[in-house]
Every structure is written in C-alpha cells, then in structure tokens.
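Each chain, written out:
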Amino acid sequence: MADSKPLGPLTAAYAAKRPEEVAALYDRWSETYDADMSAAGYRHPTICLALIARHLPRGAAPLLDAGAGTGLIGEWLAITGYPKVEALDISQGMLDKAAAKGVYTALHCLAMGGPLPFADNAYAGIVSAGVFTSGHVGAEGLDELIRICRPGGVIVLTVKNTLWEAGFAQRVAALEAGRTVVRVEETAPYVSMPGEADTVPSRGLVLRVI
C-alpha cells in the first residue's frame with residue numbers, strides 16, 4: 001500500500017476550488033472510473049448499501065443517489081430490492097455511464113451544496129457516497145438533503161475525517177439538538193480505498209429525518 005500511487009484524477013478533484021472544475025475532472029475520468037476505483041478497493045458504495053438496507057425497508061421509493069457517479073450503488077440497489085432510484089451528479093459524463101446501466105428512473109445533472117430543484121419530502125431515502133469530502137461538498141449540503149427527504153426517511157452518507165473534524169460533526173450535533181434528525185448509526189472510521197497510499201479515513205453516517 002505504501003508504494004501505490006494516488007489516483008491522479010481524484011487528487012485533482014480534492015484540490016478543485018469550483019464546481020465546474022470538479023465536473024470537468026469527472027467528465028474526463030468517466031471512461032476509466034469504474035476500473036480505477038475497483039483497483040483501489042473502493043468501499044464507500046458497499047458500506048452505504050449495507051447501511052441503507054439495515055435502516056430502510058425493502059421496496060421503499062423513491063430513493064435519490066446523490067453523487068451517483070457511474071451508478072455503482074444504483075446497480076446494487078436494484079438487485080437488493082429498491083427498484084425506483086433517481087441519480088444526481090455534477091458530471092454529465094459520469095451520468096452518461098450511469099444511464100447506460102439502465103437502473104435509474106431519472107437522472108439529474110446538478111451540483112450539491114446549494115438549492116436543489118426538488119419538492120419538500122420528495123424521497124423516501126437518500127444515499128450519498130464519497131461526496132462529503134475534500135474539494136466536493138461540505139456540511140452546507142446537508143440542509144437540502146434533509147428538506148427533500150420525507151419524515152421517517154433516512155439519509156445515508158460518508159464523511160471524510162478532515163470534514164468531520166472541521167465542523168461537520170458540530171453541524172450534525174446541532175441538527176440533532178434541534179430535533180431535525182436523529183443519528184441512528186455512525187460507523188467507526190475506515191479507509192475507503194485500501195489500495196491507495198495515505199487515504200484519509202471516512203465514516204458512514206445514517207440520519208433519520210424527523
């Protein structure tokens with residue numbers, strides 16, 4: 001592991017300063033993304049799938065895959081009993097790959113972190129793997145996900161430790177104190193890509209909307 005080289009596109013995405021930079025990077029990466037992440041041992045989708053299956057009844061619909069990328073989680077959600085899932089991603093190139101898998105009922109090319117064009121309480125559950133991380137989306141992206149998730153629904157997300165320690169944990173605690181969400185599960189920190197050197201750990205988080 002110490003001898004492996006960091007994924008070039010991902011390193012660039014972490015360093016990006018503007019949403020359009022992130023979108024362009026992922027557009028270029030879309031052709032090799034699945035193979036690259038498989039080689040890196042990418043764990044976020046598997047962990048998010050386990051968490052949503054534990055906390056959201058089979059068949060709950062619709063779901064939103066927020067930060068869907070090429071549709072890794074969408075494929076598995078369809079197999080495990082969640083037949084109506086929509087995809088949201090900042091990169092049209094990644095969404096084109098997701099569309100080819102034929103597992104999403106709708107695709108939305110949008111950036112997270114600001115207002116989203118969805119109705120209040122639109123989704124039974126939301127999953128967001130690998131989005132709350134360096135150069136992507138911070139705690140400011142939580143409010144809109146909560147707004148569009150119906151009461152009783154769950155939001156499953158991963159958070160990189162650097163964000164968690166830089167205000168994300170405090171934001172979640174404030175939402176709990178305000179009786180907006182309940183933290184129903186939080187995993188121990190884990191390395192999301194064991195095949196990559198110096199990967200900062202992340203944690204999985206399950207929030208139930210009140």
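Residues numbered from 1 in each chain as written. Predicted model: local features only at pLDDT ≥ 70, side-chain atom pairs only at ≥ 80, totals over all residues. Heavy atoms only, no water.

J.: So what's going on with the nonpolar core? Residues and values would help.
T.: In terms of nonpolar packing, the biggest core is built from 29 residues, with I126, F132, L145, L157 and F168 touching the most fellow members. Of all the secondary-structure elements, those providing two or more residues to this core are β1 (63-66), β4 (123-132), α7 (142-148), β5 (149-160), α8 (161-177) and β7 (202-209). For this core, the element with the highest residue contribution is α8, accounting for five residues. If sequence neighbours within four positions are ignored, I126 has contacts with I52, L64, A66, L145, I148, C149, V154, I155 and V156. The next biggest cluster of nonpolar side chains, apart from the first, holds 23 residues, and it includes C48, L49, A124 and V156. (Core = buried A, V, L, I, M, F, W, Y, C linked by side-chain atoms within 4.5 Å. Buried < 20%, exposed > 50% of the residue type's maximum accessible area, 1.4 Å probe, protein only. Helix = DSSP H or I, 4+ residues; strand = E, 2+ residues; numbered from the N terminus. Contact = heavy atoms within 4.5 Å.)

J.: Now, about a nonpolar patch on the surface: what can you tell me, with residues and values included?
T.: A grouping of V182, V184 and I210 is seen on the molecular surface, where their side chains present a nonpolar patch of about 200 Å² in accessible area. Note on placement: V182 falls in strand β6 (residues 181-186). Judged by its relative accessible area of 33%, V182 falls in the partly exposed class. (Patch = residues over 30% accessible without salt bridge, like charges linked within 9 Å, V, L, I, M, F, W, Y side chains within 5 Å. Areas by Shrake-Rupley, 256 points an atom, 1.4 Å probe, with all protein chains shown as cover. Salt bridge = Lys/Arg side-chain N within 4 Å of Asp/Glu carboxyl O.)

J.: Mind laying out the environment of V181, listing which residues take part and the relevant values?
T.: Locating V181 in the fold gives a position in strand β6. Classification of V181 as buried rests on a relative accessible area of 1%. C-alpha separation for the pair V181 and L163, spaced 18 residues apart in sequence, amounts to 19 Å. When sequence neighbours within four positions are dropped, the list of residues in contact with V181 reads I146, L175, E176, L207, R208, V209 and I210.

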